[in-house]
Number of protein chains: 2
Amino acid sequence: MPDNQAAVLSRLADCLGPGGLLTDPDQIAPYCRDWRSLFHGTALAVMRPADATALSEALRICAAAGIRIDIVPQGGNTGLCGGATPSGSGVNIVVSFARMNTIGEVDATDGTMIVDAGVTLAAAQDAAAAAGMVLPLSIAAEGSAQIGGVLATNAGGSKALRYGSARELVAGIEAICVDGTPLNLLRSLRKDNTGYALRQLLVGSEGTLALITRARLKLRPALTAREIALCALPDDASVLRLFRIFQQHAGDVLEAFEYISGVAMDLALTEVEGLNFPFSERAPCYVLLELASRQKDLRDTLEAALEEALETETVVDAVLAENMTQAEALWRLREEQSEAQRLAGASIKHDISVPVPAVPTLLTQATAACAAIMPDVRIAPFGHVGDGNIHFNLVQPAEMEGATFLRDGKALTDAIHRVVHDLDGSFSAEHGVGQLKTDMMETWRGGAELALMRRIKEAFDPAGRLNPGKVLPPA
Amino acid sequence: MPDNQAAVLSRLADCLGPGGLLTDPDQIAPYCRDWRSLFHGTALAVMRPADATALSEALRICAAAGIRIDIVPQGGNTGLCGGATPSGSGVNIVVSFARMNTIGEVDATDGTMIVDAGVTLAAAQDAAAAAGMVLPLSIAAEGSAQIGGVLATNAGGSKALRYGSARELVAGIEAICVDGTPLNLLRSLRKDNTGYALRQLLVGSEGTLALITRARLKLRPALTAREIALCALPDDASVLRLFRIFQQHAGDVLEAFEYISGVAMDLALTEVEGLNFPFSERAPCYVLLELASRQKDLRDTLEAALEEALETETVVDAVLAENMTQAEALWRLREEQSEAQRLAGASIKHDISVPVPAVPTLLTQATAACAAIMPDVRIAPFGHVGDGNIHFNLVQPAEMEGATFLRDGKALTDAIHRVVHDLDGSFSAEHGVGQLKTDMMETWRGGAELALMRRIKEAFDPAGRLNPGKVLPPA
């Protein structure tokens, strides 16, 4: 290590105190790869500031170092696109928020709660629940994912249908610019039209504009009535018709509307032990739906909607959860999808979205395109169909080597993305761009849009030292 | 007019076609003042493009003119802060969107509708209603206010409590940069994490970053059950307790929670003819609330909440609307507040917000501060207390000249703003900054926040030619 780098690290160690700076290669290694091990980089050190003041001072030291030091913020390191993994440039310092994990009191009247960036989403949910409130944001990685990363990536999940993604659930943000300047946008104002929407801009910027250190999260009053049903459908086109029926009967209380393709369901029942399939026959596809409110007659609402769906042959069968155990059993059929696909071998995932009315077209066209390329590939889509967000995942043919499948997978991915692009959709509905998908930005978001994003990046980070190589492709 | 200006206007007239460019001083005059006549400016011309393509071309002509031409977008010209009024610089051209007023079809499955910038909010509401949907945004000026201006100012209103302000109701935006470059962000994706939140940034930027030409608005399914009640309360502190009771009983169906001070109610009953006061005695303050859902037992929910409020002496009396006529009569007591204050003489308005839990403190402290300065001023606050947004309005003492009152009003305004600032509130909850309040930005949003806003402005509009003098104070 050059002397000047060593000098900076020494100053950072002093600034951050005991346990505040990791430089031991073994200790640093876990921060230098993403959790899928798709990306590997290097870091001069990992900063673990105890609070925002220490982080601000450390960033000032880096900015004034006289040598280039790039800053890579990292939360729970559960991202799927390498957005928190350092590059191999040799000048990265990772910032870990693990020690910034204070949960403030729930203010029930304000309907908010302040948490540090390093608090896990699950811990924040638990704190809200302990106060009789709900933080209505739920993702698979919530046990490890930290609030800072959840906001930086504008996390979605199955409840976004009703409550919106992370951006809609943030009432305030505290952040630090790459030069160490603090930015306090924590004030709790439900209406405030005094200038540009900096808070909304920081959410979803994947740590490329500023480092989020705290957030004021919006909570909802807990709901007392909840109904869960699994429907078996005759075809993909019926999914939209069922969605319309539920919008009309229960549009204001619809909490989840999740699609499971027949192939995906079959895979789960084959691969995952202990699942209970509630119908006597398999169906072409399924919808798992959940209603929640305070109304006593919520079951009536559900039954009226299902009656119309059965009468119009929009669904061929439906089962209602009669208790929490049954509800959990139904949800497991959806939640075990990723695990089922993992057990079935190599898979290629596509986190795509299209306008909701285009979902059946997407399913039909993308399935046909994939089957034409590789007839025995297992096409197992599932996902948040009420948001137009399908995880259009492909599982290797049973008789093929996983590595062969992955090697030939690019043609499949390209074919799916062509369908999505033609439907004016998105190549990343929930997971962000990170470093995995920057090469798609020019084609999908190019022209004036990408040009403005580059200028915004420059406005926040003129030297390009904050999480370089993420979101925006090289100019 | 210099020759080069005349040459540019000639090219613009050709580009915009018949009726597309106004240069007659009499025709231009209405565009050069705001509707309260607080601000007056000048314009070389008013452009009335027939569509976005014509506007884009016209903006290219202005950008390439070789002389400075500033662009001032103007919607229905109902803004309260002069944000759409040209300056007196002599180089302004106003853009009117009146001819861009196409309403697209409602897509019920997608839950959206595309409208041109020049469509009035009321017309957009009507189109949604005709399709059995609701555009849940309502403001006093909705008959004249145009969607472009509604979005540019991130309009709020009384339903923001449940549905959010304009920013939350926009699924897509089409805009044009000041140099004529089109920016298509209309795609209808409920989840899309591919780069920075340009759409959210444009909403609320008051026409200083780009010109909004079309929007895709989010609609909601129409609700079938509605309950309206007016409550009489013993004191301001009880307002918060009542809010908590309703959050607990009906947090998911609470559509409006509006405060009316005793003074404001008395003024309305004195000044406005035909109002029906439903209680036998006047009270210190009132709350008008509305619940809406599809549940058949919504009345039970309302009655249970009111029962708790009466038992705990949080309210002293309450009246429920038994039909639409009664509902409208109750709402008139709230909606006629501005008219009552106008009839009572000169008034000074403050569109402020604070965290919801701080509302009683705001009312107490701001009232005391004003009374100390001018003991007989009529302090008549009302507003969206569920959003922490109070229109803290002052009406002239009955025996004073209006002009005298307005002349001495600055001390009152300063006193109110000091209270709001200490409570970490906002000097503009709903109405924006415009040119009326730019001098407050440095004190309230200064430092890193304002610096970033300036750099964002520069990213979109390097020459500062788009609506100059609005939002940001002179550097």
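Scroll up for the structure.
Model, not experiment: these values are computed from the prediction.

Caption draft 1: Looking closely at the pattern of salt bridges. Residue and element names in this part refer to chain B. For the structure on display, the rule yields 46 salt bridges over all chains. For arginine 342, the salt bridge is made with glutamate 339, and the minimal N-O distance between the two is 2.9 Å. Linking arginine 342 with glutamate 339, this pair stays in helix H12 (residues 337–343), spanning 3 residues, or about one helical turn. You can call arginine 342 exposed: its relative accessible area is 54%. Close ionic contact of lysine 410 with aspartate 414 constitutes a salt bridge, the shortest N to O distance being 2.8 Å. Of this pair, lysine 410 and aspartate 414 both sit in helix H15 (residues 409–422), 4 residues apart, which is roughly one turn of the helix.

Caption draft 2: Representation of the sheet that holds strand E4 (residues 92–96) of chain A within the structure. Residue and element names in this part refer to chain A. Taking strand neighbours across the sheet as the criterion, the 4 strands line up as E1-E2-E4-E3 in an open arrangement whose pairing is mixed. Looking at which strands have only one partner, the edges of the open sheet turn out to be strand E1 (21–22) and strand E3 (70–74). Relative to E4, strand E2 (residues 45–47) is paired through 3 bridges, and the arrangement is parallel. Looking at the pairing, alanine 45 lines up with isoleucine 93 of E4. Running at roughly 145° to E2, helix H3 (residues 52–63) makes contact with E2, E3 and E4 of the sheet.

Caption draft 3: Geometry of the interface of chain B and chain A. Of the residues lining the interface, 86 residues belong to chain B; the matching set on chain A comes to 85 residues. Summing both partners gives a buried area of about 6,600 Å² for chain B against chain A, and 57% of it is carried by carbon and sulfur. Per-residue buried area on chain B facing chain A is highest for Lys191, Asn193 and Tyr196 of chain B; these three make up 16% of the total on that side. Where chain B touches chain A, the interface holds 10 salt bridges. Viewed at the interface, chain A and chain B are joined by 38 residue pairs in polar contact (both at pLDDT 80 or more). Elements with a minimum of two residues in the side of chain B that touches chain A: helix H6 (160–163), strand E9 (182–185), helix H7 (198–202), helix H8 (237–250), helix H16 (441–445) and helix H17 (448–460) of chain B. Top element by residues in the side of chain B that touches chain A is H17 of chain B. It accounts for 9 residues. Across the side of chain B that touches chain A, the residue classes tally to 33 nonpolar, 31 polar and 22 charged.

Caption draft 4: Expanded view of the pairing of strand E8 (residues 170–176) of chain A. Residues and elements named next belong to chain A. Of all the 7 residues making up E8, 7 are buried; the element is thus mostly covered by neighbouring parts of the structure. Sheet topology note: the E8/strand E10 (residues 211–218) ladder contains 6 bridges and is antiparallel. Of the residues in E10, the one forming a bridge with valine 170 is leucine 217. Note that E8 and strand E9 (residues 182–185) share 4 bridges and pair antiparallel. When the sheet's bridge partners are listed, isoleucine 173 is paired in E9 with leucine 185.

What counts and what doesn't
Residues numbered from 1 in each chain as written. Chains lettered and ligands numbered in written order. Predicted model: local features only at pLDDT ≥ 70, side-chain atom pairs only at ≥ 80, totals over all residues. Heavy atoms only, no water. Salt bridge = Lys/Arg side-chain N within 4 Å of Asp/Glu carboxyl O. Helix = DSSP H or I, 4+ residues; strand = E, 2+ residues; numbered from the N terminus. Buried < 20%, exposed > 50% of the residue type's maximum accessible area, 1.4 Å probe, protein only. Pairing = 2+ DSSP bridges. Contact = heavy atoms within 4.5 Å. Axes fitted to C-alpha atoms, helices over the stretch in contact; angles between N-to-C directions. Buried area = accessible area lost by both parts, 1.4 Å probe. Polar contact = N/O pair within 3.5 Å; in protein donor to acceptor, adjacent residues only side chain to side chain. Nonpolar A, V, L, I, M, F, W, Y, C, P; charged D, E, K, R; others polar.

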